[in-house]
Amino acid sequence: QVQLVESGGGLVQAGGSLRLSCAASGLISSISSMGWYRQAPGRQRELVASTRRGGITNYADSVKGRFTISGDTAKKTVNLQMNSLKPEDAAVYYCKGWGWGPAVYWGQGTQVTVSS
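Only a predicted model underlies this, so the values are computations on that prediction, with no experimental measurement involved.

Definitions and cut-offs
- Residues numbered from 1 in each chain as written.
- Predicted model: local features only at pLDDT ≥ 70, side-chain atom pairs only at ≥ 80, totals over all residues.
- Heavy atoms only, no water.
- Core = buried A, V, L, I, M, F, W, Y, C linked by side-chain atoms within 4.5 Å.
- Buried < 20%, exposed > 50% of the residue type's maximum accessible area, 1.4 Å probe, protein only.
- Helix = DSSP H or I, 4+ residues; strand = E, 2+ residues; numbered from the N terminus.
- Contact = heavy atoms within 4.5 Å.
- Disulfide = S-S within 2.5 Å.
- Phe/Tyr/Trp six-rings, centres within 6.5 Å; stacked < 30°, edge-to-face > 60°.
- Lys NZ or Arg CZ within 6 Å of the ring centre and 35° of its normal.

*Asks:* Go over the nonpolar core with me, naming the residues and quoting the values.
*Replies:* Judged by nonpolar contacts, the single largest core of 28 residues is most densely connected at Leu 4, Trp 36, Leu 80, Met 82 and Tyr 93. Contributions of two or more residues to this core are made by strand 1 (2-7), strand 3 (18-26), strand 4 (33-39), strand 5 (46-52), strand 7 (67-72), strand 8 (77-82), strand 9 (91-98) and strand 11 (110-115). Per element, the largest residue contribution to this core is four residues, and it comes from strand 3. With residues near it in sequence (within four places) discarded, Met 82 still touches Gly 16, Ser 17, Leu 18, Leu 20, Arg 66, Phe 67, Tyr 93 and Val 112.

*Asks:* Quick one: what's the story with the state of the cysteines, residue by residue and with numbers?
*Replies:* Overall, the coordinates contain one disulfide when judged by the stated rule. Each sulfur in the disulfide pair Cys 22 and Cys 95 lies 2.1 Å from the other. When the S-S torsion is -80 degrees, as for the bridge of Cys 22 with Cys 95, the disulfide is left-handed. Of this pair, Cys 22 sits in strand 3 while Cys 95 sits in strand 9, and the two are 73 residues apart along the sequence.

*Asks:* I'd like a rundown of the packing of aromatic side chains, residues and numbers included.
*Replies:* The description of an aromatic ring pair uses the distance of the two centres, along with the angle that the planes make with each other. Under the criterion given, the structure shown has three aromatic pairs. Arranged with centres 6.4 Å apart and planes meeting at 50 degrees, the rings of Tyr 37 and Trp 98 form a pair that is tilted. One end of the pair, Tyr 37, is in strand 4; the other, Trp 98, is in strand 9, and 61 residues separate them in sequence. Among the residues examined, Tyr 37 registers a relative accessible area of 15% and is labelled buried. Judged by centre distance (5.1 Å) and plane angle (75 degrees), the ring pair of Tyr 37 and Trp 106 falls under edge-to-face. Highlighted residues: Tyr 37 in strand 4 and Trp 106 in strand 10 (residues 104-106), separated in sequence by 69 residues. On the accessibility criterion, Trp 106 (34% relative accessible area) is partly exposed. Of the aromatic side chains, those joined through ring pairs into one cluster are Tyr 37, Tyr 94, Trp 98 and Trp 106. Sitting over the ring of Tyr 94, Arg 45 keeps its end group 3.7 Å from the ring centre. For the cation-ring pair, Arg 45 lies above Trp 106, with the distance from its terminal atom to the ring centre recorded as 4.6 Å.

Encoded structure:
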């Protein structure tokens with residue numbers, strides 16, 4: 001089993017920055033990729049950014065150039081540096097890990113609030 005724990009959410013003014021962190025515990029050797037999703041009220045959960053072995057990253061168009069995902073593939077940690085935050089970035093941000101086969105793991109979520 002795998003547990004993911006996020007930290008770093010909070011309240012920030014538009015234009016500001018936040019850094020989210022996620023750490024995996026348990027059977028971390030089963031995790032092949034990690035990423036961040038977000039869900040705003042009344043909206044579907046959406047991919048923000050992901051990273052996998054080899055340093056390959058993927059970003060939603062809406063965050064390209066503003067957000068940076070990084071991580072330690074051995075320790076199974078992943079960070080999301082969010083700069084130039086906009087009110088539309090406000091959401092609950094979830095860490096996700098992809099395991100063996102169809103297995104996926106989710107963190108409990110961390111709230112990001114952006115004031116205009």
